[in-house]
Every structure is written in structure tokens, then in C-alpha cells.
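# Overview (structure and organization)
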Amino acid sequence: MDSTKFLKIEKITDETPFVKTFYFNHRLNSKPGQFVMLWLPGIDQKPFSIGWEDENGFALTVFNRGPTTNKLFEMKAGERVGISGPYGTSFSVRPNTRYIMVAGGYGAAPLSFLAKQLSVIARSVATKQSQSTKIDFLLGARSAEHVLFEDRLSKLPNTKIHIATDDGSKGHKGFVTDLLSSVIPAKAGIHDNSLDARFHGHDIFVCTCGPELMEKKVLDACNVAGVECEISIERYMKCGVGVCGQCAVDDLGLHMCKEGPVVSGALASQIKEFGVYHRDKSGKKVYFEN
Amino acid sequence: MLTTTFLNKTFANPIVLASGILGVSAASLARAVKDGCGGVTAKSVSLEPRSGHPNPTTAGMEHFFINAVGLSNPGVDAAVEELKKFKELSVSPLIGSIFAGTPEEFAVVTEKICAAPIDFLEINVSCPNVSKEFGKPFAYSTEAVEIITKKVKAKATVPIIIKLSPNAWNIDEIALAAETAGADALCAVNTISGMIIDCHSRKPILHNKQGGVSGPALLPIALKCVYDIYKKVKIPIIGTGGICSGEDALAMIMAGAALLGVGSAVYFRGSEVFEKICEEMEKIMEEEGIKNLEEIRGAAHSS
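Each residue is numbered by its place in its chain's sequence as written, counting from 1. Just so you know, chain letters begin at A and ligand numbers begin at 1, following the order they were written in. Only residues with pLDDT of 70 or above have their local features reported here, since the model is predicted, and side-chain atom pairs are shown and tallied only from 80 upward, although totals for entire chains, interfaces and linings are computed over all residues. With hydrogens and water excluded, all non-hydrogen atoms of the structure serve as input to the side-chain values.

All names here are of chain B. Strand order in this closed barrel of eight strands is E3-E4-E7-E8-E9-E10-E15-E16, and the pairing throughout is parallel. In this sheet, adjacent strand axes meet at a mean angle of 25° when their direction is disregarded. A strand pair is defined by DSSP finding two or more bridges across the two strands. Think of it this way: any DSSP run of H or I at least four residues long counts as a helix, any run of E at least two long counts as a strand, and we number them from the N terminus. Note that strand E15 (residues 237-240) and strand E16 (residues 259-262) share three bridges and pair parallel. Its bridge partner being in E16, Gly239 is matched across the sheet by Leu260. Throughout, an axis means a line fitted to C-alpha atoms (over the contacting stretch in the case of helices), and angles, computed between N-to-C directions, take values from 0 to 180 degrees.

Written out as C-alpha cells, the structure reads:
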């Protein structure tokens, strides 16, 4: 049964001119990459990626882009919204792994949640192990003022932040995917002197969340290098529970609300529409523009 | 054991994916075949694309599922391409489904969709969730059903199936009107009109306020409708409404159904539900010494 809970917004923080984070004093016991359905009665109900969860509760980092988020942005702490979930698959949490996270825009939220979870787990096991999970966090944004969660990430142990902005106002000027070659070896398994020595001997695992064309570049780079990856694929959702078929992808017919949103690179490589088109709420194909 | 012939077409089993569930794309339909459906019904399409209602469009509860998706679809032209693609992915029988606002428009959409490689065409005159735009469903009126059936039959190049509403108190009379007007088969039933209200927000949960109820709560209503229709007409019936298990499926055959529509069961038992129902049917048939479905079709009618 889908039970919607009406939860008070505990706190709202402004992240960038278009992005706010809404905190809820409620535990979902979610995993990074999962989503909730957020219902504003009389307006709409939409899926939102869970941007954070700790012992105090969870948070949603929201980009203002339509009627539902317009309304949400007008709301104040203390007001209530309907939440159901968590739903969907999550990013894998692996020990002794060199993580490369590639975040575009507000994709930084679920990936910073993942980075935090890895550090929590690392802290809870032996000291020796805690040294072994390392993260390169590639963070892309339009410009310096749109860079999300640099503070949050800089507090995490074993995490190195690499920033790219479209206009060069912070970090590398250009796409965040331009930075991939500096962190992924040209060929997997082959010793590469350009790599930071602390990562040697560990499996490389790439996780990405952001605009689909960026994600497609990450997948292609991983496939060329023979590196494993996981990708969060966003599709228009209605029921959120694998019944309506709205978010099924071609040609596999997998439902991104249930068998996604996080899928392996191997699976993403078989999804013909990935990086090519998605469907709008009528079911019509909409092609991604380069 | 479960092989079923329906209007001269062979189905590996009588389970047919009901319209509106998993039916947006060819890939999703093909996946339902992989998961065990003997045939599939695509989501209903209209002349022009439709976005449908805002969310919440569906809600699942313990004994029922309710939806008011609002007949979202990419329009018949895009649908023809998806239906063509389905036939590239699967050899399974394919039922197209259409709806329209007027009898004339039904004829136009029929002509267009018949360009697709469909085996049958379902005529959805019974969606309970779009009355603001289209008025009361045509399925409540013998006269409307008769006119639409005639118009569609004149244009269709495949057998037509009229989908009826359990909200019609005289569903058997409406079934007879469809048969008389030339329908090749019937689908009974569509969802029944209903509503759920959230006691915290004090509002109906579905954005459209009212929706169509399906799932286990619909089964006894659907069984009675199919039972009554079977008495009244000669043409075959796709028995649909609340079928979630092998027992439900056999009961529907005993009411008189030729094929069985299964939809919301996906919510209750997952996407593998089609295969599960078939296995359960076979198990019960073995226990009860039933060799084939013909043996028990309409069995509930014998005195």
C-alpha cells in the first residue's frame, strides 16, 4: 500500500538562485539514489531524488522548474507536504573501492549523500578499511554560483573535489566530463603513472547523476576504459510503482521507477533510448538536444 | 492446457494484458509477453496527443487500485509506430485500443489505427475518468454504443471488441446492442467509478478527484457482469476486473469469459503475475481433473 505521510518542512536552505533544500525531521531509511513522491494536493505529485538522509531525517534538494516546484518554493518551514516512498534502486556501496562520482547540476545532491554514506560506513569499520575507500568527486555547474555542496563535500574524509563550470568562473572551464580523463586510466587494469598513487590496487567504480547527455558521455568513457559504473536515469513517472508503464525504457521495457532509477552501466548500455530520447507525459518521444 | 482460440486467433494462454497497464510503449508490452501474457492490449489512444491528468493519477490500497490517468497518449499516429514496433519485438496477438469524443471521431481513429499490424481493435467507450471533457461514458447508453459500434465496424479491418462499463446497470442490454450492431467481441469490464479521500489533507487523493477502481474489490462486480452478458449474447467476452490469481481466472472462465484481462494485479503481485496466474490455473485444473478451458467455460451457468 502506498501510504502518504504529511510531513512538516523542518528547514529550508537556499543553495543557489534556483535550488533549495527542504529538510524533514523524519527517517525514511533510504539509500542514495532512491526517490520519494512528493504530493502538493490540488497541484501535482512528482518524484524527487533524496538528496540527503542522516539520523535527524531526510532532505530534498530541488531545482525550481515547473508548477509543482514553483509552489514548493513559496512554502515556509512548518507547512506540510505529502511524502511517500522511498522508491527505486540505489547506488552500490562497496568497500575498498576507488569511487569516481560525476555530478552535473543538482545531481550533486544524491551523490553527496552517497559520499556521506561511504564515509559513515568507513568510520564504522576498522581503521585500516576506513583508509581504503577514496572518492574523486567531479562536480559540474553552469557557473561558480551554481556549484552545489562544495562545503558539504569538503568536510568528508578521503574525498577530493574537482570542479568544472561552463563559464570557467570556478575550476576547469568546460564540461565536467572533460575531467574524466584525469581520473580514469586509459585502460582498466593497466598501471597508469598519471594516477594518484593512493588509488592503486583498488577497483574503480564510477557513479553519475545529472543531465542525461553528460551521463551518456560518462558511460561511453567507462565503456572505453572498461570501468564499471552506475547511472541514475530520470524518466517521466506517474504511478511510481511499476504499474502504469509510463517510465518503461526501449527496448527492454524496464520501469525506471522500480528497476531504476539507478542502473548498472552494463544495463544502461542496452537501453537504446539512453542519451537519445525520453517520453513526455503523453508518451510521445522527445529527443535530447546536444 | 491453457491454449485458447479467440476469433480464430490462437493465444498461448488466456491471459491478456488489460489496456492502460504497462501499455505506453512497444517495449513495455513486449516485456509483459515475456512475463507470461498470452496477448496484450495497448493503452487507449486518441486522434490527438493527450497529457492526461496531473498526479496523483494512481493509488494502490490493500484491496483495490484506483486510477485517473486521464487517457494520456501520444496520439494515434505515434501509436501506430509503437504498435508496428511491438510486432518486431513479439509474435504475440496484439489488441489495439482507441477512444474518441464523438462517433465520427471513433471512425477516423479506427481508420488510422488499422494501418498498424493489430490483430483486434478494442473500442473504449467506458473510461470513467474523462467526463469533464467528454460527458458521461458512451457505455451507459445502448443507443450510443450501437451508433459507435456501427461506425467503427464500417471502417475496421480487424475484429472489434467493445469495452463495457460496470457502472451501467443494464450492461447486458448494452452488450446485446453492441452485438446487434456488429461487434465481434466484448470486453467486460472497465474500472468502476470511485473515490478515495485523504483524511490528513481532507482532500480526494486523485487529482481528478474521481477515478476508476480496479483490483480485488472489482472482481465480484466483474464476475456478475460477465455472467449476465454471457447469458445475453453469443459473441466472446474478454473477462476483465480484479483477476489476481489462478482461482480468480478460472472463476471468470466459469462465468463465461473467453479471454481474461489482467492489469492491476501487477500492482498486487509484481510484473511476474501473468506467469504466476497461469501456473496456478494449471495446478487447480490438474487437481480438479479439468483438461482444457472449453470444458469449464460458462460452467457456473449450469443448474
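Contacts between the two partners involve 36 residues from chain A, matched on the other side by 38 residues from chain B. Between chain A and chain B, a total of about 2900 Å² is buried, with carbon and sulfur atoms accounting for 55% of that surface. Salt bridges are defined by distance alone: a side-chain nitrogen of Lys or Arg within 4 Å of a carboxyl oxygen of Asp or Glu. Linking chain A with chain B are four salt bridges. Here A:Asp250 ties to B:Lys85 by a salt bridge, and the two come within 3.7 Å at their closest N and O atoms. Any two residues whose heavy atoms approach within 4.5 Å are treated as being in contact. By definition, the buried area sums, over both parts, the 1.4 Å-probe accessible area that each loses when the two are put together.

Another point: empty space enclosed by the protein. All names here are of chain B. Buriedness for pockets is judged along seven lines, at least five of which must meet protein on both sides within 12 Å for an open set on the 1 Å grid over protein atoms alone, while cavities are sets there where a 1.4 Å probe fits but cannot get out, and lining residues have an atom within 4 Å of a point. Grid points are joined across faces, edges and corners, and a volume is the space filled by probe spheres set on the points. Applying the stated criterion across every chain yields a total of six cavities of 30 Å³ or more. Put simply, the largest cavity is a space of about 480 Å³. Of all the elements in the fold, those that place two or more residues in the lining of the largest cavity are strand E6 (65-67), strand E8 (120-124) and E16. For this classification, Asp, Glu, Lys and Arg are treated as charged, while Ala, Val, Leu, Ile, Met, Phe, Trp, Tyr, Cys and Pro are nonpolar and the rest, including Gly, are polar. Its residues assigned to classes, the lining of the largest cavity comprises 14 nonpolar, 18 polar and three charged. As a volume, the second largest cavity reaches approximately 140 Å³.

Moving on: the packing of helix H2 (residues 76-89) of chain B against helix H3 (residues 103-113) of chain B. Residues and elements named next belong to chain B. The interhelical angle for the contact between H2 and H3, taken along N-to-C directions, is 30°, at an axis separation of 9 Å. For the element pair H2 / H3, the angle class is roughly parallel. Seen from above, H2 lies across H3 with right-handed handedness. Facing H2, whose interface residues are Val76, Asp77, Val80 and Leu83, H3 presents Val109, Lys112 and Ile113. The residue makeup of the contact of H2 with H3, split by class, is five nonpolar, no polar and two charged. By the definition adopted for this analysis, an angle is roughly parallel if under 35 degrees, roughly antiparallel if over 145, roughly perpendicular if from 65 to 115, and oblique otherwise. Left-handed describes a crossing whose near helix is turned anticlockwise from the far helix through less than a right angle; right-handed describes the clockwise counterpart.

It is worth spelling out helix H1 (residues 26-34) of chain B at this point. Residue and element names in this part refer to chain B. Each residue is placed in one exposure class: buried if its accessible area under a 1.4 Å probe, protein chains only, is under 20% of its type's maximum, exposed if it is over 50%, and partly exposed if it falls in between. Most of H1 sits out of view: seven of its nine residues are buried. Every buried residue of H1 is listed here: Ala26, Ala27, Ser28, Leu29, Ala30, Arg31 and Ala32. Two residues or fewer past H1, Gly36 is found with a positive phi of approximately 115°.

This next bit is on the sheet that holds strand E12 (residues 203-209) of chain A. All names here are of chain A. Across the sheet, which stays open at both edges, the seven strands sit in the order E11-E10-E9-E8-E12-E13-E16 with mixed pairing between neighbours. Looking at which strands have only one partner, the edges of the open sheet turn out to be strand E11 (172-173) and strand E16 (262-264). Bridge count between strand E8 (residues 97-104) and E12: seven bridges; the pairing is parallel. Along E12, the bridge assignment pairs Ala103 with Cys209.

Turning to the confidence of the model for chain A, a few remarks are in order. All names here are of chain A. How sure the predictor is of each residue is captured by pLDDT, a score from 0 to 100. Predicted confidence across chain A gives a mean pLDDT of 90, with 90% of residues reaching 70 or more. Of all the helices and strands in chain A, helix H3 (residues 127-130) carries the lowest mean pLDDT, 52, while E16 carries the highest, 98. Considering only residues more than four positions removed or in separate chains, one finds that residues 188-199, a stretch of pLDDT under 50, has 18 contacts.

Take the pattern of salt bridges next. Summed over the entire model, instances satisfying the criterion amount to 30 salt bridges over all chains. Here B:Glu82 makes a salt bridge to A:Arg279, at a shortest N to O gap of 2.9 Å. Taken as a pair, B:Glu82 in helix H2 and A:Arg279 in strand E17 (residues 277-279) lie in two separate chains rather than in one. Overall, the relative accessible area of 11% leaves B:Glu82 in the buried class.

Take the state of the cysteines next. Two cysteine sulfur atoms make up a disulfide if the distance between them is within 2.5 Å. Considering all chains together, one arrives at zero disulfides over all chains under this definition. The cysteine A:Cys244 is free of any disulfide, with A:Cys239 supplying the nearest cysteine sulfur at 3.9 Å.

Glancing now at the pairing of E8(A). Residue and element names in this part refer to chain A. The element E8 is extensively covered by neighbouring structure, given that eight of its eight residues are classed as buried. Neither face of E8 is exposed, since Thr97, Tyr99, Met101 and Ala103 on one face and Arg98, Ile100, Val102 and Gly104 on the opposite face are all buried. Here E8 runs beside strand E9 (residues 134-141); their pairing, made up of seven bridges, is parallel. The residue of E9 that forms the bridge with Tyr99 is Ile135.

Residue and element names in this part refer to chain A. Summarising the element assignment, Glu273 is placed in the loop between helix H7 (265-270) and E17. Of the residues examined, Glu273 reaches a relative accessible area of 1% and is grouped as buried. As a C-alpha pair, Glu273 and Tyr287 span 14 residues in sequence and 9.0 Å in three-dimensional space. Ignoring sequence-local partners within four residues, the contact set of Glu273 consists of Glu212, Arg235, Ala248, Val249, Asp250, His278 and Arg279. Under the rule applied, a polar contact is a pair of N or O atoms within 3.5 Å (in protein, one hydrogen donor and one hydrogen acceptor; residues adjacent in sequence only if both atoms are side-chain atoms). In terms of polar contacts, Glu273 uses its side chain to reach the backbone amide nitrogen of Asp250, at 2.9 Å.

Our focus in this paragraph is the nonpolar core. Judged by nonpolar contacts, the single largest core of 130 residues is most densely connected at A:Val206, B:Ile123, B:Ile162 and B:Phe274. Element by element, the count of residues in this core is highest for helix H10 (residues 273-288) of chain B, at six residues. Leave out the neighbours within four places in its chain, and A:Val206 touches A:Ile100, A:Val102, A:Ile184, A:Val218, A:Cys222, A:Val227, A:Glu228, A:Cys229 and A:Glu230. In terms of nonpolar packing, the next biggest core, distinct from the first, is built from 25 residues, A:Val19, A:Leu111, A:Leu139 and A:Leu153 among them. Take the buried Ala, Val, Leu, Ile, Met, Phe, Trp, Tyr and Cys residues and link them wherever side-chain atoms come within 4.5 Å; each set so joined is a nonpolar core.

All right, on to the domain arrangement of chain A then. Residues and elements named next belong to chain A. What the domain assignment reports for chain A is domain 1 (5-87), domain 2 (91-232) and domain 3 (235-290). Taking the mean C-alpha position of each, domain 1 and domain 3 sit 23 Å from one another. At the interface, seven residues of domain 1 touch eight residues of domain 3. For the pairing of domain 1 and domain 3, the buried interface totals around 560 Å² over both sides, and the portion due to carbon and sulfur atoms is 65%. Where domain 1 packs against domain 3, one counts zero salt bridges. Between domain 1 and domain 3 we count one residue pair in polar contact (both at pLDDT 80 or more) in total. Of all elements in the fold, only strand E3 (35-40) and strand E4 (44-49) reach the threshold of two or more residues within the side of domain 1 that touches domain 3. In terms of residues, the side of domain 1 that touches domain 3 owes the most to one element, E4, which gives three residues. A breakdown of the residues in the side of domain 1 that touches domain 3 according to their chemical character gives four nonpolar, two polar and one charged. Domain delimitation follows an automatic or database domain assignment.

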